[in-house]
Amino acid sequence: MKRLIIIGSLLLAATTNAFAGAHLIIRNTNIAGVGFNDLTPVTVVPGNPGTTIGQQRLNVFQRAADIWGTLLESKVDIIVDASFASLECSANSGVLGQASTIKIVGNFDKAPQQNVWYPIALANSIAGKDLDTTVSDIRATFNSQLDTPGCLGGVGWYYGMDGNHGTKEDLLVVLLHELGHGLGFVGVTNGTTGAMSQNLPSAFEQHMLDTTSGLHWSQMTNAQRVTSSTNDQKVVWDGASATAAALNFLGGTPTLRISAPASLVKSYQINTAGFGPRLTVAGINGTVAATVPLDGCTAITNASAISGRIALIDRGTCNFTVKVKNAQLVGATAVIVADNVAASIPPLGGDDATISIPTIGVSQADGAAIRAALGSNVTALLFSDASLLAGADTAGHPKLYMPATFSDGSSMYHFDVSASPNLLMEPNISSDLPANFVDLTLNEMIDIGWTKATPTPNGRMAGRRGH
């Protein structure tokens, strides 16, 4: 039985989660000297007593497993085959990690719905037994290259557990995100063809509602799903738990409203940055000015034109944080990034704790229209509209990420980047995400069939370890 395979470095993983509602076991699949078994000495960091890089990695993995374990109920152990490996990465972009369910099952004992797919961990929990003892439940692989100079500029993983990651990538937060996919924030639709696995939906597709057609993805044809997959801002999650919780998690909608000249007067569709301060209800009102150079990737040479104004910068060439920092250094009050690809709005990822001005992104067409009008004063207000939930439709349903240009690996199975505050399951990991909090993701899990773990009278979480 796989539930008894607990050896070597897994012994800690088997004993740290005794009072959780579910027991997630991290199974180290790395060979000697690699990944979790890398014996390179390191300095102890907050919350992580490991003295080798491999042990610190394993400790963070188990901490993420323990967090999810305290939130979800399962009598069956959840086995995570985990490793660090050399994944795709360059100076400007890279894969942080990836996780997925190893198997999907349907029509099992106690299944809430027939002819619907469930990830194996969830199916085991619902059935109250291990439906397949020959396989693990989740596979998770993370990028060891992040700790090398050539990957993302040598930003490195942060192995602490206190959230004080600075400019590093917080492994704990990324792990919470990826385990979320493995536990059920995922569906079974092919983004290219719209086909579902064996023409059956998953529990996730059951709650994907296209507000244009009024159809759930489980009700659509393949062609309708393909169309819906790029229906930006019009596909939502209508599960009851996540919809109710959105009122507590989401704030006002970040908004760009231009009041002059007359040809530009309206509110614009925007994305917000994962770095820098959020927009406030009072907002920032000012005149828009274009930077020189247009992409803002080197020192801005028209400082007097930008100081005290909202800077307009083109996307491209360098990281968003570089552009915004250059504008901040010459006195910009905020930044508008215009996309360089038609029919999309840039998701503004990045991490720089020194950035103190807000940043938004607009489409290529809107950016071009604003730039063309700069011969006269373009007056803009960047603010948070308290009358609308950021990242939800007017009915309060959280939006799913369906950009107008399909993005493989990001489209369909993430919350939309318009959410504010940022959510764990957006396609980009934001620097302001807490290190021990899963926000609306827990409610999505409840909507697809997970049972939330409940505290016992002594304050510990109910549940058994399932050996």
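Note that the structure is predicted; figures quoted are calculated from it, not measured.

(A) Fine view of the overall build of the protein. Per the secondary structure count, the protein includes 10 helices and 19 strands. Here the protein has a C-alpha radius of gyration of 23 Å; the compact-globule value for 467 residues is 23 Å, and the two agree. Projected onto its principal axes, the C-alpha positions of the protein cover 75 × 55 × 45 Å. Taken over 467 residues, the protein has a buried fraction of 54%. Restricting the contact set of the protein to residue pairs at least 6 apart, pairs at least 24 apart contribute 67%. When the accessible surface of the protein is totalled, it reaches about 18,300 Å², and 55% of it is carbon and sulfur.

(B) Structural context of the state of the cysteines. Applying the stated criterion across every chain, the model contains 2 disulfides. In this model Cys89 forms its disulfide with Cys151; the gap between the sulfur atoms is 1.9 Å. Judged by the torsion about the S-S bond (80°), the Cys89/Cys151 disulfide is right-handed. Residue Cys89 is found in the loop between β2 (78-85) and β3 (97-101), and its partner Cys151 is found in the loop between β6 (138-143) and β7 (157-158); the two are separated by 62 residues along the sequence. Neither residue differs from the other here; Cys89 and Cys151 are each classed as buried. Cys297 shares a disulfide with Cys318; S-S distance 2.0 Å. Looking down the S-S bond of the Cys297 and Cys318 bridge, the torsion is -90°, so its handedness is left-handed. With Cys297 in the loop between β15 (284-290) and α7 (303-306) and Cys318 in the loop between β16 (310-314) and α8 (320-329), this pair connects stretches of sequence that are 21 residues apart. Overall, Cys297 belongs to the buried group, its relative accessible area being 15%.

(C) Quick peek at the packing of helix α2 (residues 53-71) against helix α4 (residues 171-183). Remark: α2 packs on α4, axes separated minimally by 9 Å, with the N-to-C direction vectors making an angle of 50°. The angle between the axes of α2 and α4 places the two elements in the oblique class. For the element pair α2 and α4, the recorded crossing hand is right-handed. Contacts from Arg57, Val60, Phe61, Arg63, Ala64, Ala65, Ile67 and Trp68 of α2 reach α4 at Leu171, Leu172, Leu175, Leu176, Leu179, Gly180 and Leu183. The class makeup of the residues in the contact of α2 with α4 is 12 nonpolar, 1 polar and 2 charged.

(D) Region of the structure containing the sheet that holds strand β9 (residues 208-210). Strand order in the open sheet made by the 3 strands is β10-β9-β11, with antiparallel pairing throughout. Either end of the sheet is taken by a strand with one partner, and the two such strands are β10 (215-216) and β11 (235-237).

(E) Examining the pattern of salt bridges more closely. As enumerated under the stated definition, the model contains 7 salt bridges in all. For Asp81, the salt bridge identified is with Arg27, shortest N-O distance 2.8 Å. Of this pair, Asp81 sits in strand β2 while Arg27 sits in strand β1 (residues 24-28), and the two are 54 residues apart along the sequence. In this structure Asp81 comes out as buried when scored by relative accessible area, which is 13%. Given the relative accessible area of 22%, Arg27 is considered partly exposed. Linking Arg57 and Asp147 is a salt bridge whose minimum nitrogen-to-oxygen distance equals 3.0 Å. Separated by 90 residues along the polypeptide, Arg57 in helix α2 and Asp147 in the loop between β6 and β7 bring together distant segments of the chain.

(F) Region of interest: the sheet that holds strand β14 (residues 271-272). Strand order in this open sheet of 8 strands is β13-β12-β19-β15-β16-β17-β18-β14, and the pairing throughout is mixed. Bordering the open sheet on either side are β13 (266-268) and β14, each of which pairs with just one other strand. Pairing of β15 with strand β19 (residues 379-389), which is carried by 4 bridges, proceeds in the antiparallel orientation. Bridge assignment links Ile284 to a residue of β19, and that residue is Leu382. In the packing of helix α9 (residues 364-372) onto the sheet, contacts are made with β12 (252-260), β13, β15, β16, β17 (334-338) and β18 (359-362), and the angle to β16 comes to roughly 125°.

(G) Focus on unusual backbone geometry. Put simply, Ala260 and Pro261 share a cis peptide bond, and its omega is 0°. Topologically, Pro261 is positioned in the loop between β12 and β13. Cis peptide bonds are those with omega within 30 degrees of zero, and the linkage from Val292 to Pro293 qualifies with 5°. Take Pro293: it is sitting in the loop between β15 and α7. Of note in this structure, Lys110 is not a glycine but carries a positive phi near 75°. Residue Asp439 is not a glycine yet carries a positive backbone phi of 40°. On the secondary structure map, Asp439 appears in helix α10 (residues 439-448).

(H) Molecular detail of the nonpolar core. Membership of the largest hydrophobic core comes to 77 residues, with the highest contact counts inside it found for Phe61, Trp68, Phe142, Trp157, Leu183 and Trp450. Grouped together as the second largest cluster of nonpolar side chains are 19 residues, Leu264, Ala373, Val378 and Ala380 included.

(I) Structural view of the pairing of β16. Along β16, 4 of the 5 residues are buried, which leaves the element largely enclosed by surrounding structure. Across 3 bridges, the pairing between β15 and β16 is parallel. Each residue of the ladder has a partner; that of Ala289, found in β16, is Ala311. Looking at chain direction, β16 and β17 are connected through 5 bridges and run parallel. Within the sheet, the bridge partner assigned to Ala311 lies in β17 and is Val335. For the segment spanning β16, α8 and β17, crossover handedness is right-handed.

Conventions used here
Residues numbered from 1 in each chain as written. Predicted model: local features only at pLDDT ≥ 70, side-chain atom pairs only at ≥ 80, totals over all residues. Heavy atoms only, no water. Helix = DSSP H or I, 4+ residues; strand = E, 2+ residues; numbered from the N terminus. Rg over C-alpha atoms; globule rule 2.2 N^0.38 Å. Buried < 20%, exposed > 50% of the residue type's maximum accessible area, 1.4 Å probe, protein only. Contact = heavy atoms within 4.5 Å. Areas by Shrake-Rupley, 256 points an atom, 1.4 Å probe, with all protein chains shown as cover. Disulfide = S-S within 2.5 Å. Axes fitted to C-alpha atoms, helices over the stretch in contact; angles between N-to-C directions. Parallel < 35°, antiparallel > 145°, perpendicular 65-115°, else oblique. Left-handed = near helix turned anticlockwise from the far one by under 90°. Nonpolar A, V, L, I, M, F, W, Y, C, P; charged D, E, K, R; others polar. Pairing = 2+ DSSP bridges. Salt bridge = Lys/Arg side-chain N within 4 Å of Asp/Glu carboxyl O. Core = buried A, V, L, I, M, F, W, Y, C linked by side-chain atoms within 4.5 Å. Right-handed = clockwise from strand over helix to strand, strands pointing away.

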